[in-house]
Amino acid sequence: MTELQGFTAAAELAAATWGGWPALQELGEAEDPFDVASVGGVWRPKDRHFGVHRGGRLVAHSGFVVAPVEVGGRRFEVAGIGGVLVSPHWRGHGLARAVVGAALDAARADGLEYAMLFCLPDRAPLYAHLGWTALPDPVTADQPEGPAAVALGAMWLGLVPGARWPEGGPARLHSLPF
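Remember, predicted model here, so these are calculated numbers, not experimental data.

*Asks:* Tell me what's going on with the pairing of strand β2 (residues 48-54), and back it up with residues and numbers.
*Replies:* Both strand β1 (residues 11-13) and β2 contribute to a ladder of 3 bridges, which runs antiparallel. Across the sheet, residue Glu-12 finds its bridge partner in β2, namely Phe-50. Alignment of β2 against strand β3 (residues 57-71), held across 7 bridges, turns out to be antiparallel. Its bridge partner being in β3, Gly-51 is matched across the sheet by His-61. A loop of 2 residues connects β2 with β3, the two strands running antiparallel in sequence, and Gly-55 in this loop sits at a positive phi of about 60 degrees.

*Asks:* Go over the packing of aromatic side chains, please, and point to the residues and values.
*Replies:* This structure, assessed with the given rule, holds 10 aromatic pairs. Pairing Phe-76 with Trp-165 gives two aromatic rings, centres 5.4 Å apart and planes at 80 degrees, and the pair type is edge-to-face. Of the two residues, Phe-76 is situated in strand β4 (residues 74-86) and Trp-165 in the loop between β9 (153-158) and β10 (171-173); the sequence distance between them amounts to 89 residues. Of the two residues, Phe-76 and Trp-165, both sit in the buried class. Measuring from ring centre to ring centre gives 5.7 Å for Trp-156 and Trp-165, while their planes differ by 40 degrees; the resulting arrangement is tilted. The same class applies to Trp-156 as to Trp-165, namely buried. What links up through ring pairs into an aromatic cluster is the set Phe-76, Tyr-114, Trp-156 and Trp-165. Of note, Arg-54 hangs over the ring of Phe-7, and the distance from its end group to the ring centre comes to 4.9 Å.

*Asks:* Outline the side chain of Ser-87, supporting the account with residue identities and numerical values.
*Replies:* You can see Ser-87 is positioned in the loop between β4 and α2 (95-109). Taking the relative accessible area as the measure of exposure, Ser-87 reaches 0% and is therefore buried. Each residue touching Ser-87, except ones within four places of it in the same chain, is listed here: Leu-27, Glu-29, Arg-57 and Val-59.

*Asks:* I'd like a description of α2, backed by residues and values.
*Replies:* Between its terminal C-alpha atoms α2 stretches 21 Å, which fits the 21 Å expected from 15 residues at 1.5 Å a residue. In terms of burial, α2 is largely enclosed, as 11 of its 15 residues are buried. If you check which residues of α2 are buried, you get Leu-95, Ala-96, Ala-98, Val-99, Val-100, Gly-101, Ala-102, Ala-103, Leu-104, Ala-106 and Ala-107. Its buried side turned inward, α2 meets β2, β3, β4, β5 (114-119), α3 (124-129) and β9.

*Asks:* Please set out the side chain of Gln-143 residue by residue, giving values where relevant.
*Replies:* Note that Gln-143 resides in the loop between β7 (140-141) and β8 (148-149). A relative accessible area of 13% places Gln-143 in the buried class.

*Asks:* Quick one: what's the story with the environment of Glu-167, residue by residue and with numbers?
*Replies:* Position of Glu-167 relative to the elements: it lies in the loop between β9 and β10. Under the relative-accessibility criterion, Glu-167 is labelled exposed at 75%. With 24 residues separating them along the chain, Glu-167 and Gln-143 place their C-alpha atoms 25 Å apart. If sequence neighbours within four positions are ignored, Glu-167 has contacts with Val-71 and Gly-72.

*Asks:* Break down the pattern of salt bridges for me, with residues and values.
*Replies:* Scanning the entire structure with this criterion turns up 6 salt bridges. Between Arg-48 and Glu-12 there is a salt bridge, and its shortest N-O distance comes to 2.8 Å. Of this pair, Arg-48 sits in strand β2 while Glu-12 sits in strand β1, and the two are 36 residues apart along the sequence. Judged by relative accessible area, which is 23%, Arg-48 ranks as partly exposed. Relative accessible area serves as the criterion here: at 42%, Glu-12 is assigned to the partly exposed category. Ionic pairing is found between Arg-108 and Asp-105, a salt bridge with its closest N-O pair at 3.1 Å.

Cut-offs and rules
The written sequence of each chain sets the order in which its residues are numbered from 1. At least 70 in pLDDT is required for a residue's local features to be given in this predicted model, at least 80 for side-chain atom pairs to be given and counted, and no such filter applies to totals for whole chains, interfaces and linings, which use all residues. Heavy atoms throughout the structure, all of them, feed into the side-chain values; hydrogens and water do not. A pair of strands counts as paired when DSSP detects no fewer than two bridges linking them. Runs of E in the DSSP output that reach at least two residues are strands. Runs of H or I that reach at least four are helices, and both are numbered from the N terminus. When the centres of two rings from Phe, Tyr and Trp lie within 6.5 Å, Trp using its six-membered ring, the rings pair. Their planes under 30 degrees apart give stacked, over 60 give edge-to-face, and anything left gives tilted. Throughout, exposure labels follow a simple rule: accessible area from a 1.4 Å probe, protein chains only, divided by the maximum for the residue type, with under 20% read as buried, over 50% as exposed, and the rest as partly exposed. The rule for a charge over a ring is simple: NZ of Lys or CZ of Arg within 6 Å of the ring centre, and within 35 degrees of the ring normal. Contacts are assigned to residue pairs that have any heavy atoms within 4.5 Å of one another. By definition here, a helix of n residues has an expected span of 1.5 Å times n minus one. Salt bridges are defined by distance alone: a side-chain nitrogen of Lys or Arg within 4 Å of a carboxyl oxygen of Asp or Glu.

The following block contains the structure:
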C-alpha cells in the first residue's frame, strides 16, 4: 500500500494494541459506529485487524475472519471482511480502500480464493467501486437460535485471477455473520 501524506501505511494491528470495540466506537464517534443495531442478530468478532493511523490515533480499520460458506453443495472458505470504519474527519482520502486492501492482501497470502462482506445498501456503491459484486440472494448464517437470513446485503470479491462465485443458489454461511 502506498503511504498517504500524514497517514501510516495500512498494516495489521497487534492484538494487544489495536484497542477493540472501544477503539471502534471512538473511531466512528458513535455507540453504533456501523449503524447496524436496528438490524439485530449476533455478529462474529474479527480475528485479524488492520488499521491506518494519523498522529498516533487510529483513523481507519478493517478486520477479517476465515469463515466456511456453502453454495450449491460446494463448501469452501472465504475471507469475511467486516468492521470497516473510517473516522468521519478523514473520509474521502482512500483510507477504506487502504484498510480493506491490507485485509485482502493478508487473505490472499493465506491462500483464500474469495472474500465476502455484508453492508448496508448505502455502502454498496463504495464496495462496487472497489470491485465487489452483490450476491443476488440473501445469505443465511448461523445465529444462536439457528440459521437465519442476514438482514444486510452480501457482496463477494475474487482474490485470485479468474475466480467466479459458485453457482447453485443462495449462500449458506456456517458461521455467525461478520
